[in-house]
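# Structural features, examined
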Protein chains: 2
Amino acid sequence: MKRGRKPTIDAADITRAAIAVADAEGLAAVSMARVAQEMGNATMALYRHVKSKDELLALMWDSAMEEPPPLPDGDWRDKLGFWAKAVLAAIRRRPWFLQIPISGPPSGPKNLAWLDSALTALEDVPLEPGEKIGVVMGLSTFVQGEARLIGTLAQGFEADPGRFNHQYGQRLREIVDPGAMPALAEIIEAGVFDLDDVVRAEDLGADFDFGLHLFLEGVAAHIKGRS
Amino acid sequence: MKRGRKPTIDAADITRAAIAVADAEGLAAVSMARVAQEMGNATMALYRHVKSKDELLALMWDSAMEEPPPLPDGDWRDKLGFWAKAVLAAIRRRPWFLQIPISGPPSGPKNLAWLDSALTALEDVPLEPGEKIGVVMGLSTFVQGEARLIGTLAQGFEADPGRFNHQYGQRLREIVDPGAMPALAEIIEAGVFDLDDVVRAEDLGADFDFGLHLFLEGVAAHIKGRS
DNA sequence: CCGATTTAGCGTATGGGATACGCATAAAAG
DNA sequence: CTTTTATGCGTATCCCATACGCTAAATCGG
């Protein structure tokens, strides 16, 4: 038998509690003291199971992601597009996920499962293994970047609604000197930035879809140019 | 005349000093006390010119980016590819740029100049204004995400070299159950993750180039499908 | 059953950080 | 020279992460 007092909590419990706090009040609310209180323990008790707060964050990062959903029927493009949207949705459900300072390449089971899912989508595609990874990495980078953007803007919007409502285009018109930046001025004049309603879900979602479309189009072109 | 004591410093000075600290010792070293010390002032003096540390970070974000370089000759693809690499290089020169929690859409002059530069690259391309913005946003998202990835891994690498050296593939082999994740296992077996030398510049640079290639390919396909 | 050993829980203390508050001081106005 | 106003900044508060060492529980060898 193992000697010594029996542990009453373990790292997984701590991680769970920390995630609960982050879900409820954001990542900023996750302090060792707050998590300990959540569990009914003393702050320093946590350090028996977790070396540092950074390690706790890494653990949270590993277990935050949910299971990837099963891929739909269809060709690789349907599947990969679905995958990208699923990633976005999963991240949106845990907005603090992207705020964790990442520590290295994925090794948690959930993250690997997502990777496997994306590679499964490319199963029947005639690409080299290295190319497949490149495709998935690139797509993943895009999705995470977009998720970050959406999360940030949504957050800034909540903090001060009305700041974006159609004032952004106006503000740009004031700042931008058409002589110095003609290309930008032209686009501004076209009214692209005059979002008169919400910057929220619709427009940003459309941006995401368009970027995704471009990327998948590129993958298709690459495949075609290859065979 | 303006009444009251004359200010000896202003927000721009503070921002400059903060950037100097970040350049030299990283964003984590930027505290109000540290910046004040750098300027030979007392900590609380800064608060006369900057509402909060968050505001200081926003100011840093606005002035961190350098001027965009002039675009090369060539077609839109050369120009946009050059632009993307220039963005990456600029960010790599200030790794802390991406660590700043962003606050909203770009409004600083430098950031707008980069946007203008990208739109200039698309000048002669037959796309709607909204589509151009979509292209630039998507590309920008990709580049920033990739830059973040590279920065993070490089940082983790410095912290513990040898951890990645060809052990990553090995570790994955141990973790991944080929029965549960066949697609991933296949790629692992192909040796894609057995980076025997450095995870650094070369491989990551290649990933970046490939992703960029895919995206630009997608833009080209979209243009073609449009006209 | 008893002391030795090992390990978990945790109280206390330290050092840092952001920032509210108010005082003293400098500069212009009258 | 006095009043007004804005600046520089000392002090103090509150929140964090975390090192250290004590105490208590559980097992082991006798």
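### What to know about the interface of chain A and chain B
Taken together, the contacts link 57 residues of chain A with 57 residues of chain B. Taken over both partners, the interface formed by chain A and chain B buries close to 4,600 Å², and the fraction arising from carbon and sulfur atoms is 77%. Interface area lost by chain A to chain B is led by Thr141, Phe210 and Leu214 of chain A, which between them contribute 11%. Put simply, chain A and chain B have zero salt bridges between them. Of all elements in the fold, only helix H5 (109-121), helix H6 (129-159), helix H7 (167-175), helix H8 (182-189) and helix H9 (201-224) of chain A reach the threshold of two or more residues within the side of chain A that touches chain B. Broken down by element, the residue count for the side of chain A that touches chain B peaks at 17 residues, all from H6 of chain A. Across the side of chain A that touches chain B, the residue classes break down as 34 nonpolar, 14 polar and nine charged.

### A word on the protein's contact with DNA strand C
Among the 27 residues in the neighbourhood of DNA strand C, the closest are listed as Thr8, Arg48 and His49 of chain A together with Met1 and Lys6 of chain B. Across the atoms of DNA strand C situated within 4 Å of the protein, the share located in sugar and phosphate is 64%. Here a phosphate oxygen of DNA strand C sits 3.1 Å away from a polar atom, N or O, in the side chain of Asn41 of chain A. Looking at the surface near DNA strand C residue by residue, the class counts come to nine nonpolar, eight polar and ten charged.

### What to know about the protein's contact with DNA strand D
Taken together, 27 residues lie near DNA strand D, and Lys2 and Lys53 of chain A together with Thr8, Arg48 and His49 of chain B sit nearest. The contact atoms of DNA strand D, taken as those within 4 Å of the protein, divide so that sugar and phosphate hold 64%. At a separation of 3.1 Å, a phosphate oxygen of DNA strand D approaches a polar side-chain atom of Asn41 of chain B. Measuring from a phosphate oxygen of DNA strand D, one finds a backbone N or O atom of Ala42 of chain B at 3.3 Å.

### Let's talk about the pattern of salt bridges
All told, the structure shown has 22 salt bridges over all chains when counted by the stated rule. Note that Arg34 of chain A and Glu25 of chain A form a salt bridge whose closest N and O atoms lie 2.4 Å from each other. Exposure remark for Glu25 of chain A: the relative accessible area of 44% places this residue in the partly exposed category. Across the pair Arg93 of chain B and Glu66 of chain B runs a salt bridge whose closest N-O atoms are separated by 2.4 Å. Residue Arg93 of chain B is found in helix H4 (residues 76-93), and its partner Glu66 of chain B is found in the loop between helix H3 (53-64) and H4; the two are separated by 27 residues along the sequence. Accessibility expressed as a relative area gives 34% for Glu66 of chain B, which makes it partly exposed. Within this structure, Glu25, Arg34 and Glu38 of chain A form a network of salt bridges that share partners.

### Here's the deal with the nonpolar core
Residues Met60 of chain A together with Met60 of chain B are the most contacted members of the largest nonpolar core, which totals 143 residues. For Met60 of chain B, the residues in contact, after removing those within four places along its chain, are Thr15, Ala18, Ile19, Ala22, Leu27, Val30, Trp96 and Ile100 of chain B.

### Brief notes about the relation of the copies chain A and chain B
Rotating chain A by 180° about the axis while translating it 0.0 Å along that axis superimposes it on chain B, leaving an RMSD of 0.1 Å. The superposition of one copy onto the other is thereby described by a two-fold rotation axis. Measuring from the rotation axis to each C-alpha of chain A, the shortest distance belongs to Gly218 of chain A, at 1.7 Å. Here 100% of the contact residues of chain A are again contact residues in chain B; the copies associate through an equivalent surface.

### Details of the packing of aromatic side chains
All names here are of chain A. Across all of its chains, the model carries eight aromatic pairs over all chains by this definition. Ring geometry for Trp61 versus Phe97: centroids 5.6 Å apart, planes at 10°, classification stacked. One end of the pair, Trp61, is in helix H3 (residues 53-64); the other, Phe97, is in the loop between helix H4 (76-93) and H5, and 36 residues separate them in sequence. Per residue, the accessibility class of Trp61 equals that of Phe97, and both read buried.

### A look at the domain arrangement of chain A
All names here are of chain A. Each assigned domain of chain A is listed with its residue range as follows: domain 1 (11-64) and domain 2 (76-164 + 199-224). Contact with domain 1, which involves eleven residues of that partner, is made by twelve residues of domain 2. Of the roughly 1,200 Å² buried between domain 1 and domain 2 on both sides combined, carbon and sulfur atoms contribute 63%. Broken down residue by residue, the surface that domain 1 buries against domain 2 is led by Leu27, Trp61 and Asp62, which jointly contribute 55%. Inspection of the region where domain 1 meets domain 2 yields one salt bridge. Note that Asp23 is salt-bridged to Arg94, the shortest N-O span being 2.4 Å. At the junction of domain 1 with domain 2, the criterion picks out three residue pairs in polar contact (both at pLDDT 80 or more). Counting only elements with at least two residues in the side of domain 1 that touches domain 2, the list comes to helix H1 (11-25) and H3. It is H3 that provides the largest number of residues to the side of domain 1 that touches domain 2, a total of seven residues. Residues belonging to the side of domain 1 that touches domain 2 are distributed by class as follows: eight nonpolar, one polar and two charged.

### Let's talk about H3 of chain A
Residue and element names in this part refer to chain A. Spanning twelve residues, H3 covers 16 Å between terminal C-alpha atoms, matching the ideal 16 Å at 1.5 Å per step. All of the buried residues along H3 are Leu56, Leu57, Met60, Trp61 and Ala64. On an axial view of H3, the arc spanned by its buried residues comes to 145°, and they lie on one face. Considering only its buried residues, H3 is in contact with H1, helix H2 (32-39) and H5.

Reading guide: rules and limits
Residues numbered from 1 in each chain as written. Chains lettered and ligands numbered in written order. Predicted model: local features only at pLDDT ≥ 70, side-chain atom pairs only at ≥ 80, totals over all residues. Heavy atoms only, no water. Contact = heavy atoms within 4.5 Å. Buried area = accessible area lost by both parts, 1.4 Å probe. Salt bridge = Lys/Arg side-chain N within 4 Å of Asp/Glu carboxyl O. Helix = DSSP H or I, 4+ residues; strand = E, 2+ residues; numbered from the N terminus. Nonpolar A, V, L, I, M, F, W, Y, C, P; charged D, E, K, R; others polar. Near = heavy atom within 4 Å. Polar contact = N/O pair within 3.5 Å; in protein donor to acceptor, adjacent residues only side chain to side chain. Buried < 20%, exposed > 50% of the residue type's maximum accessible area, 1.4 Å probe, protein only. Core = buried A, V, L, I, M, F, W, Y, C linked by side-chain atoms within 4.5 Å. Least-squares fit on C-alpha atoms with pLDDT ≥ 70 in both. Phe/Tyr/Trp six-rings, centres within 6.5 Å; stacked < 30°, edge-to-face > 60°. Domains from an automatic or database assignment. Expected span 1.5 Å × (residues − 1). Arc of directions from axis to C-beta.

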